[in-house]
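# Observations on chain architecture
Residue-level listing of the chains:
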Amino acid sequence: MTNKTIVLTGAGGVLCSTLAMALAKEGHRIAVLDLNKEAADKVAEEITHDGGTALGVAANVLQKDSLEKAKQTVHAKFGACDILINGAGGNHPLGTTSNPFFEMDDLKNTAEGFKTFFDLDADGIQFTFNLNFIGTLLPTQVFAADMVGKDGCSILNISSMNAFTPLTKIPAYSGAKAAVSNFTQWLAVHFSKVGIRVNALAPGFFLTDQNRALLTESDGSLTPRGNTIIGQTPMGRFGEPEDLIGTTLWLCGNGASFVTGVVVPVDGGFSAFSGV
Ligand code: NAD
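Everything numeric in this text was worked out from a predicted model, so none of it was measured.

So, about the site of the ligand. Around the ligand lies a shell of 27 residues, among which Leu15, Asp34, Asn60, Tyr173 and Gln210 are the nearest. Contact distances for the ligand include 3.2 Å between a nitrogen atom and a backbone N or O atom of Leu35. One nitrogen or oxygen atom from the side chain of Asn211 is found 3.3 Å from an oxygen atom belonging to the ligand. For the ligand, whose unbound accessible area comes to 830 Å², protein coverage reaches 88%.

Glancing now at helix 7 (residues 224–232). Among the residues of helix 7, those classed as buried are Arg225, Gly226, Ile229 and Ile230. Seen end-on, helix 7 carries its buried residues on one side only, within an arc spanning 135°. For helix 7, exposure combined with an orientation more than 90 degrees from the buried face picks out Pro224, Thr228 and Gly231. Close packing links the buried residues of helix 7 with helix 6 (212–215).

A sheet is described by the order of its strands in space; here seven strands give the open sequence 3-2-1-4-5-6-7, paired in parallel fashion. A strand with exactly one partner marks an edge of an open sheet, and here the two such strands are strand 3 (53–58) and strand 7 (263–266). Taking the axes of each pair of neighbouring strands and ignoring which way they run, one obtains an average angle of 20° across the sheet. Inspection of the sheet shows strand 4 (residues 83–86) paired to strand 5 (residues 153–158) by four bridges, in the parallel sense. By the bridge assignment for strand 5, Asn86 is matched with Asn157. In this fold helix 1 (residues 14–25) packs onto strand 1 (5–9), strand 2 (29–34) and strand 4, with an angle of close to 170° to the strand it touches most, strand 1. The strands touched by helix 3 (residues 64–78) within the sheet are strand 1, strand 2 and strand 3, with strand 3 carrying the most contacts at an inclination of about 160°.

Reading guide: rules and limits
- Residues numbered from 1 in each chain as written.
- Predicted model: local features only at pLDDT ≥ 70, side-chain atom pairs only at ≥ 80, totals over all residues.
- Heavy atoms only, no water.
- Near = heavy atom within 4 Å.
- Polar contact = N/O pair within 3.5 Å; in protein donor to acceptor, adjacent residues only side chain to side chain.
- Areas by Shrake-Rupley, 256 points an atom, 1.4 Å probe, with all protein chains shown as cover.
- Buried < 20%, exposed > 50% of the residue type's maximum accessible area, 1.4 Å probe, protein only.
- Helix = DSSP H or I, 4+ residues; strand = E, 2+ residues; numbered from the N terminus.
- Arc of directions from axis to C-beta.
- Contact = heavy atoms within 4.5 Å.
- Pairing = 2+ DSSP bridges.
- Axes fitted to C-alpha atoms, helices over the stretch in contact; angles between N-to-C directions.

This is the structure:
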């Protein structure tokens, strides 16, 4: 895999900015797409500063016209897209319960902000499904059109551990990532005749801004949930963004030329461990 135009969405964020930088070091042209243009520009500047080729582009993965506009910008600067990494995603507090289990007294709990299954908000759930699933589908519609019939093209989606088995408290995010995994398989089959491979990463637990408050206390020690995760991760640590690089280079490169429709856990053994 050399000299490709690679578009990454959500690449102003923690995980995909690391992937963007690693792919730039391999000599590719990197389009750093993000809703947050400032964050995208910062990543692109860092890549350029290190001798790579990159461009920060504002794009909302939920708006097709915004993506079409981003595509024009990418075409003008780098040409057609060869590889798309669908990295934009995340959860919403309104689709999250306060406790992992529903208990007998929960309906009597009047504490402010306390949320059971019965308080889940359809808007929060819809936000999460849209961001993760529609936010994968629309960029694929826009950028995969560049790839049809060309050699060496592929799409990499970002799923999650909770797609295999849902995590407590986050039903919307778990369901939305399960949809991303399922869509990865569907699209791999659908595009199998036109040379576009489609795969996904399923990262385990990486400490990022999205989950820091859930997993660590203000003094840096682990919350009970953080401790449970580490206890359930045989390798005994959170992932570092750099842990995703090798699998990304493999899935996007020639070494994976006959690999399509797989969702690869990068999780320190979390998904293999029964806990016993
Ligand atoms: P992050 O919050 O650091 O990055 C997400 C980026 O997406 C942000 O820069 C944000 O501005 C951008 N974004 C949000 N809405 C957007 C929109 N509508 N259009 C375009 N960009 C938008 O998150 P991260 O931890 O780097 O996560 C990257 C991906 O990995 C996400 O899909 C996330 O669900 C997934 N993931 C993360 C973990 C983890 O432990 N952090 C684990 C499994 C999967």
